[in-house]
Each structure stands twice: as structure tokens, then as C-alpha cells.
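For reference, the chains in residue letters:
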Amino acid sequence: MIIMKTGATQEQVDNVLREIAKFGFRGDVSQGEYKTIIGLIGDERKAPFDHFAALPGVKEAIPVETPYKLISREYTKVFKDPSVDKQIKVGQVTIGGSKPVYIAGPCAVESKDQLLRIAEGVKKAGAHILRGGVFKPRSSVHSFQGLGAKDWKNAEEALKWLQDAGAAFEMPVVTEVRGENQVDLIAEYVDILQIGARNMYDQDLLMAVGRKKKPVLFKRHFGAGIEEFLSFAEYIAAENNKNIIMCERGIIPMGKGKSYTRYVLDLGSVPAIKKETYLPVIVDPSHALGRSDLIFNMSCASIAAGAVGLMIEVHYDPAEALVDGAQSILPAELERTIKACNSIHAVVNQPRSKK
Ligand code: PEP
Ligand code: MN
């Protein structure tokens, strides 16, 4: 990390960028009101920090030991209050603002009518962002893979329905990008690109999605530690895209016998991740629990744990849903959940008295 002197000129910043490039580094430039810091991206073992520190306009050049830094609170400490959280604006919606944000919709886009009907239901229930999978990451190749799997024309049609449903009900839309070859197509139609749990470790996909400069909803792999989750988010940030929404969605259960939930919702991770990064953290209770009857309580618990939003699967006829019906709730249940969560959010986020 290279900290420029107060009042360093653009020319000096450019000179540092040229100089670090000679040693094989890219620079992530963050501009504060008075200060500029440049994060080095590359193999730090080769970094001649003394040389960089001696360049004109440079105040300090210091190694940062953590595997993630561009997204760390530590990184912003130099020029702003590190307790300030990042807000991500998508259309009229602010993720990480004063109110919790609800992302809802079907697990999979099944038809135009299905999507419009669910979009209307979730909007009325109080949701802000519409979700719907077009390329589904299924465990079996014999299961429905999402409409996108058939061919490119189908994928485009389903993505257009998503875009239209979002426009009709004034909600930005999000869908999962499962492979690098899907990035360009999906980015044309949606506002937020989702990286599913199974792809958390796909560096090439993360970089390709990061380069699109659209917000990324980034899910934790079910076997990933928190530090790993943060380290892989850094791959997106290193493409000069810090609009990353961190999403806890449960980790693998332990022990013998039935678990009764699909995964273990790791709610301790929510405040723990928020200590490390300024990025907004949301929870997806649907995939964590796999059961519609537990969504209400665990949504409330997620907001109490400090989540700035939730992602919830909704269907008007869960029994008939092509994917994840068992965990899908009805729009009326979403409305009840949102109301309760808003009350809990207000209690948990009361300003602290200065006494
Ligand atoms: C999803 O949100 O559609 C999904 C498949 O979730 P996850 O990647 O968390 O399993
Ligand atoms: Mn699902």
C-alpha cells in the first residue's frame, strides 16, 4: 500500500503507477478528499517498498499482510473513518443504507407469466430487488438446469423477461452467472451479477464479472472459511470494482444423522465479516435452511445479526416450483417477514447514545 502525501499531484500519482508497473504491479487508486492511496496488486514478494517510498509525492510505502486489503477497513483507514460502511446504489435502491434491502423472487425463471406474477407479489410484499435464476447450478445433470441451459436464444429470452419484469415493477434485477462465457450476455440484461456459492473459488469468473463494473452479489461457498470468502472477494475488487455485496448462505452441516436444515446458517459470520470489510453483508436464509417454515425466524435473526439485507425465494405455488419449492415462501409470508425484519432493524440500528 502506497500512501501519497497530502496534496500530491496527479502527475506524481501517474509516476508511481508507471514505476510499480515496471515491477509487474497494477495499482488500485483510492482518492480521499486530501489523500490518495495506491494498493499494489500483484506478487508482493518482489515489491521494493524502499524504492517506492522514495518516489516524489510518496509519504509511505508499507506492506499489508492480510490476503485481502482493497476491501478491508484497514485500507480506508488512511483517509476516512474506517467505521463508515459502503453503500451500493442500484437504480433507486441503496444497499447498505439506512433501511434493509430485500431481494426476492423465484429460484428459477420458469415462464414469463410465472415471473411477472411473482414479481408483482414480491413488490407488493415490500421487496426492492427481483431475483430469478436462468442458469441453475444443479447437483444432477438430470434436473432442470434453468431455461438458459437449452440454448442461447432461450437464455436471452428469459433474461429479457427478467429485465421486463424488473422494469414493470420498478425493481433492479439479479441473476447468477455460472460461467465466463455467460458474463457478456447476462450483463446486458441485469443490474447485479450473482456469483453462486459453488463458484466462489472461480478466479477467472470473478475477474470477468468484476470487469463488467456492475454490482456483484457474491455468495460464500458452503465450505469456505470467512478469510477465504474475503480473499476471493478481493479478486473482484482488484478489477477496480468494489461494488460487492457479500452474501452468507450457510455452510456444510456436521455430525451424523439428519441435519433438519440444508446447510448451517453461520450468523456469526455476519458481524465478523462487517468488522473486516466496509462492504455490505446480506443473508440468504432460503438456501441455508432449505425449508420454508424456518425462513421467518432466521430472517429476523439475520437482520438482528447485522445483515443489511436478505435474499429470499418466493413462489405463488411452491409445490409446483421447478426448483427449490421446499424452501420457497408465499408472497404473504414475505410481507410478514419484511415487516418483522424492518422493526428488528430499527431496534438493532438505533443510534448509540453519546453518554
Ligand atoms: C441461488 O441463489 O439461486 C443459488 C443457487 O444459491 P447458492 O449459490 O447459494 O446455492
Ligand atoms: Mn434456489
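Shown above is the structure to which this text applies.
What you see is a predicted model, and the numbers here were worked out from it, not measured in a lab.

Draft legend 1. Geometry of the overall build of the chain. Within the chain, the regular secondary structure consists of 12 helices and 14 strands. On C-alpha atoms alone, the chain measures out to a radius of gyration of 21 Å, which is about the 20 Å that the 2.2 N^0.38 rule sets for 355 residues. For the chain, the spread of C-alpha atoms along the three principal axes comes to 65 × 55 × 45 Å. Excluding contacts between residues fewer than 6 apart, the proportion of contacts in the chain whose partners are at least 24 apart in sequence is 67%.

Draft legend 2. Layout of the site of ligand 1. Lining the immediate surroundings of ligand 1 are R131, K136, P137, E176, Q194, G196, A197, R198, K219, R249, H287 and M311. Measuring from an oxygen atom of ligand 1, one finds a side-chain N or O atom of R131 at 2.8 Å. At a separation of 2.8 Å, an oxygen atom of ligand 1 approaches a polar backbone atom of A197. Here ligand 1, which alone exposes 290 Å², has 96% of that area covered by the protein. The class makeup of the residues in the shell around ligand 1 is three nonpolar, three polar and six charged.

Draft legend 3. Layout of the pairing of strand β7 (residues 101-105). The element β7 is extensively covered by neighbouring structure, given that five of its five residues are classed as buried. Residues V101, I103 and G105 of β7 are buried on one face, and the alternating residues Y102 and A104, pointing to the opposite face, are buried as well. One ladder, built from five bridges, connects β7 with strand β14 (residues 309-313); its direction is parallel. Residue pairing for β14: G105 is matched across the bridge by E313. You can see the chain leave β7, run along helix α4 (residues 112-125) and come back into strand β8 (residues 129-131), and the turn it takes is right-handed.

Draft legend 4. Seen up close, helix α12 (residues 331-348). The end-to-end C-alpha distance of α12 is 25 Å, a good match for the 26 Å that 18 residues give at a rise of 1.5 Å each. Where α12 is buried, its residues meet β7, α4, α11 (295-304) and β14.

Draft legend 5. Structural context of the packing of aromatic side chains. Counting across every chain of the model gives six aromatic pairs. Relative to F52, the ring of F23 has its centre 5.6 Å away and its plane inclined at 85°; by these criteria the two rings are edge-to-face. A residue pair is termed long-range when its members are at least 10 positions apart, and F23 in the loop between α1 (10-22) and β2 (26-31) and F52 in helix α2 (residues 49-53) qualify at 29 residues. The exposure class of F23 is partly exposed, given its relative accessible area of 34%. Judged by relative accessible area, which is 0%, F52 ranks as buried.

The rules behind the values
Residues numbered from 1 in each chain as written. Chains lettered and ligands numbered in written order. Predicted model: local features only at pLDDT ≥ 70, side-chain atom pairs only at ≥ 80, totals over all residues. Heavy atoms only, no water. Helix = DSSP H or I, 4+ residues; strand = E, 2+ residues; numbered from the N terminus. Rg over C-alpha atoms; globule rule 2.2 N^0.38 Å. Contact = heavy atoms within 4.5 Å. Near = heavy atom within 4 Å. Polar contact = N/O pair within 3.5 Å; in protein donor to acceptor, adjacent residues only side chain to side chain. Areas by Shrake-Rupley, 256 points an atom, 1.4 Å probe, with all protein chains shown as cover. Nonpolar A, V, L, I, M, F, W, Y, C, P; charged D, E, K, R; others polar. Buried < 20%, exposed > 50% of the residue type's maximum accessible area, 1.4 Å probe, protein only. Pairing = 2+ DSSP bridges. Right-handed = clockwise from strand over helix to strand, strands pointing away. Expected span 1.5 Å × (residues − 1). Phe/Tyr/Trp six-rings, centres within 6.5 Å; stacked < 30°, edge-to-face > 60°.

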